[in-house]
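Commentary on secondary and tertiary structure
So the chains spell out like this:
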Amino acid sequence: MAPDHEPRPLPAFTLRQLAYLAAAADDGTIAGAAAALRISPSAMSDAITELESVMGERLCIRRRAHGLTLTPSGAQLLIHARRILAEAEELGRVVGGAGRLSGPIVVGCYPTLAPTILPPLLQDFGELHPEIELSIREATQDQLVDDLASGRIDVAVVYDMLVPTHTHRARLYELSAHALLAADHPLAGAPQVRLEQLIDDDLVLLDAPPSSEHTLSLFTAQGLQPRIRHRTTSYEVVRTLVARGLGYGILVTRVANPHSNEGKPLVTKRIMPAVRPVAIDMIWSPDRPLPARTSALIEFAQGIAWPTTEL
């Protein structure tokens, strides 16, 4: 008996062609991508040319001195190519893994969140799923967003500030900003502090987006202008300088250790009137399918008893 419908024709392109285009786009040159994949540049170039012929579109501009640049059609195709390649890879893992979760997950994390977020993920989740290969990348939030878009990381843990609205996200917990003071600061014994009480002191600013923008916005909201003495991209440097009495800090992330790296005492004070809590989210790209192993990581992270907003 004849089938009720005609079988769908096979696509004219191949996974290999898509993979070569993605590799060349990531590297920026055919030669570099070919070397990474251990194939000849001519084989990669020919495959991309064949893909262009199949699609009937010019997908990239190849210049010997300037590398490879995707055309608008190539950029659009690359989005779909990454999805197809990810689904093909996941299919191989599901069929070959007898239902066990396995494979790589690259977790991006904002540096000040890393000491809180990464240990339970790397250890506890790793023990639950030993065949999953977890690796980490610490970077600023703008870098992490770019890494998600390019596929260099699978998920990122960030503050819910300056994050594109189109990203998918899961809320982990919230924290309120606090004032960090040296133990001998005049306000060290106060139950709480107001920003206007600090305005004549020096501020040691954590100068890494979005922390710097958030800190300054707290003062701007009250019509205040802080006196910034030092800027640093290091959370621990802020704590060390404050402990030495070189200024105060405004931070969101808190640590259990009430001392700086040098062993000098620090005190943490609630800011009044209360400032709006900052959410910490796990985000991922909507442009690629979410493998089962990554879904399991997100669910695990949501189930952890993270720090609360209370001091």
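All of the points below concern the structure found in this document. (Residues numbered from 1 in each chain as written. Predicted model: local features only at pLDDT ≥ 70, side-chain atom pairs only at ≥ 80, totals over all residues. Heavy atoms only, no water.)

1. What to know about the overall build of the chain
How we decide: Starting at the N terminus, helices and strands are each numbered in turn, a helix being any DSSP run of H or I of at least four residues and a strand any DSSP run of E of at least two. In this setup the radius of gyration rests on C-alpha atoms only. A globule is expected at 2.2 Å times the number of residues raised to 0.38. Exposure classes here rest on a 1.4 Å probe applied to the protein chains alone. A residue is buried below 20% of its type maximum, exposed above 50%, and partly exposed in between. Note on contacts: a residue pair qualifies if any of its non-hydrogen atoms lie within 4.5 Å across the two residues. Using a 1.4 Å probe, accessible areas were evaluated by the Shrake-Rupley method; residue-level cover was limited to the displayed protein chains. Here Asp and Glu are counted as negative and Lys and Arg as positive; His is not counted, and neither are the chain ends. For charged residues, the charge sits on one atom: NZ in Lys, CZ in Arg, CG in Asp, CD in Glu.
Regarding its fold elements, the chain presents ten helices and 13 strands. Taken over C-alpha atoms, the radius of gyration comes to 25 Å for the chain, far larger than the 19 Å a tight globule of 311 residues would show. Projected onto its principal axes, the C-alpha positions of the chain cover 85 × 50 × 35 Å. Among the 311 residues that make up the chain, the fraction classed as buried is 42%. For the chain, the proportion of contacts with a sequence separation of at least 24, taken over those separated by at least 6, is 71%. Only carbon and sulfur atoms are counted for the fraction: they give 53% of the accessible area of the chain, which is about 16,400 Å². With 28 positive and 35 negative side-chain charges, the chain shows a spacing of 4 Å between the two charge centroids.

2. Focus on the pattern of salt bridges
What counts here: Throughout this description, the term salt bridge denotes a Lys or Arg side-chain nitrogen within 4 Å of a carboxyl oxygen of Asp or Glu.
With the rule as written, the count across this model stands at 15 salt bridges. Arg82 is the partner of Asp26 in a salt bridge, and the nearest nitrogen-oxygen pair spans 2.6 Å. In this pair, Asp26 sits in helix H1 (residues 15-27) while Arg82 sits in helix H4 (residues 72-96), placing the two residues 56 residues apart along the sequence. For Arg82, a relative accessible area of 16% corresponds to the buried category. Sharing partners across several salt bridges, the network here consists of Asp160, Arg169, Arg171, Glu174 and Asp281.

3. Comments concerning the nonpolar core
Worth spelling out the cut-off: As used here, the term nonpolar core means buried Ala, Val, Leu, Ile, Met, Phe, Trp, Tyr and Cys residues forming a set that is joined through side-chain atoms within 4.5 Å.
Core analysis: the biggest nonpolar cluster contains 48 residues, and Leu113, Ile117, Leu172 and Ile250 have the highest contact counts within it. When residues no more than four places from it in sequence are discounted, the contact partners of Ile117 are Cys109, Val157, Leu172, Tyr173 and Trp306. Leu18, Ala23, Ala34 and Ala81 belong to the second-largest nonpolar core, a separate cluster that totals 17 residues.

4. Remarks on the pairing of strand S12 (residues 266-272)
Keep this limit in mind: The criterion for strand pairing is that DSSP finds at least two bridges linking the strands in question.
Relative to S12, strand S7 (residues 178-182) is paired through five bridges, and the arrangement is antiparallel. Bridge pairing in S12 places Ala182 opposite Leu266.

5. What about the packing of helix H5 (residues 114-128) against helix H10 (residues 292-302)?
A packed helix pair is summarised by two numbers, namely the angle formed by the two axes and the spacing between the axes. Convention followed: Under this scheme, a helix contributes an axis fitted over its contacting stretch, all axes are lines through C-alpha atoms, and angles between N-to-C directions fall in the 0 to 180 degree range. Convention used here: angles under 35 degrees read as roughly parallel, angles over 145 as roughly antiparallel, angles from 65 to 115 as roughly perpendicular, and any remaining angle as oblique. In a left-handed crossing the near helix is turned counterclockwise from the far helix by less than a right angle, and in a right-handed crossing that turn is clockwise.
Axis separation between H5 and H10 bottoms out at 11 Å; the angle between their running directions is 120°. Comparing the axis directions of H5 and H10 gives the class oblique. Crossing hand, H5 versus H10: right-handed. Across the interface between the two elements, Pro120, Leu121, Asp124, Phe125 and Leu128 from H5 touch Arg293, Ala296, Leu297, Phe300 and Ala301 from H10.

6. Observations regarding the pairing of strand S3 (residues 103-109)
Side chains on a regular strand alternate between the two faces of the sheet. How we decide: By convention, orient the strands away from the viewer: a clockwise path from the first strand over the helix to the second makes the crossover right-handed.
The buried count for S3 comes to five of seven residues, which makes it a mostly enclosed element. Remark: the S3/H5/strand S4 (residues 132-138) crossover connection has right-handed handedness. Judged from the three bridges that link them, S3 and strand S5 (residues 155-159) form a sheet pairing that is parallel. Its bridge partner being in S5, Cys109 is matched across the sheet by Val157.

7. Let's talk about the sheet that holds strand S8 (residues 192-194)
With mixed pairing, the four strands of this open sheet are ordered in space as S8-S12-S7-S11. Unpaired on one side and paired on the other, S8 and strand S11 (249-251) mark the two borders of the sheet. Going from strand to strand, the sheet's axes swing by 45° on average, the running direction of each strand aside. For S8 and S12, the ladder comprises three bridges, and the chain directions are parallel. Along S12, the bridge assignment pairs Gln192 with Arg270.

8. Side note on the sheet that holds S5
An order of S4-S3-S5-S13-S6 is seen for the five strands of this open sheet, with the pairing classed as mixed. Taken across any chain shown, the strands that pair with only one partner, and hence form the sheet edges, are S4 and strand S6 (168-175). Along the sheet, successive strands turn relative to each other by an average axial angle of 20°, direction set aside. The sheet strands contacting H5 are S3, S4, S5, S6 and strand S13 (278-284), and the helix crosses S4 at an angle near 170°.

9. Let's talk about the environment of Ala279
Along the chain, the position of Ala279 falls in strand S13. Separated by 119 residues in sequence, Ala279 and Asp160 place their C-alpha atoms 5.2 Å apart. When residues no more than four places from it in sequence are discounted, the contact partners of Ala279 are Val158, Tyr159, Asp160, Arg171, Tyr173 and Glu174.

10. Section: the side chain of Thr294
In this fold, Thr294 is placed in helix H10. In this view, Thr294 contacts Ile105 and Val155; residues no more than four positions away in its chain are not counted.

11. With respect to the packing of aromatic side chains
Heads up, the rule is: To pair, rings of Phe, Tyr and Trp, with the six-membered ring standing in for Trp, must have centres within 6.5 Å; the planes then decide the type, stacked if under 30 degrees apart, edge-to-face if over 60, and tilted in the middle.
Across all of its chains, the model carries three aromatic pairs by this definition. Aromatic pair Tyr110 and Tyr159: ring centres 5.4 Å apart, planes at 70°, arrangement edge-to-face. Of the two residues, Tyr110 sits in the loop between S3 and H5 while Tyr159 sits in strand S5, which places them 49 residues apart along the sequence. Per residue, the accessibility class of Tyr110 equals that of Tyr159, and both read buried. When the centroid spacing of 5.7 Å and the interplanar angle of 25° are considered together, the rings of Tyr173 and Trp306 count as stacked. In this pair, Tyr173 sits in strand S6 while Trp306 sits in the segment after H10, placing the two residues 133 residues apart along the sequence. Of the two residues, Tyr173 and Trp306, both sit in the buried class.

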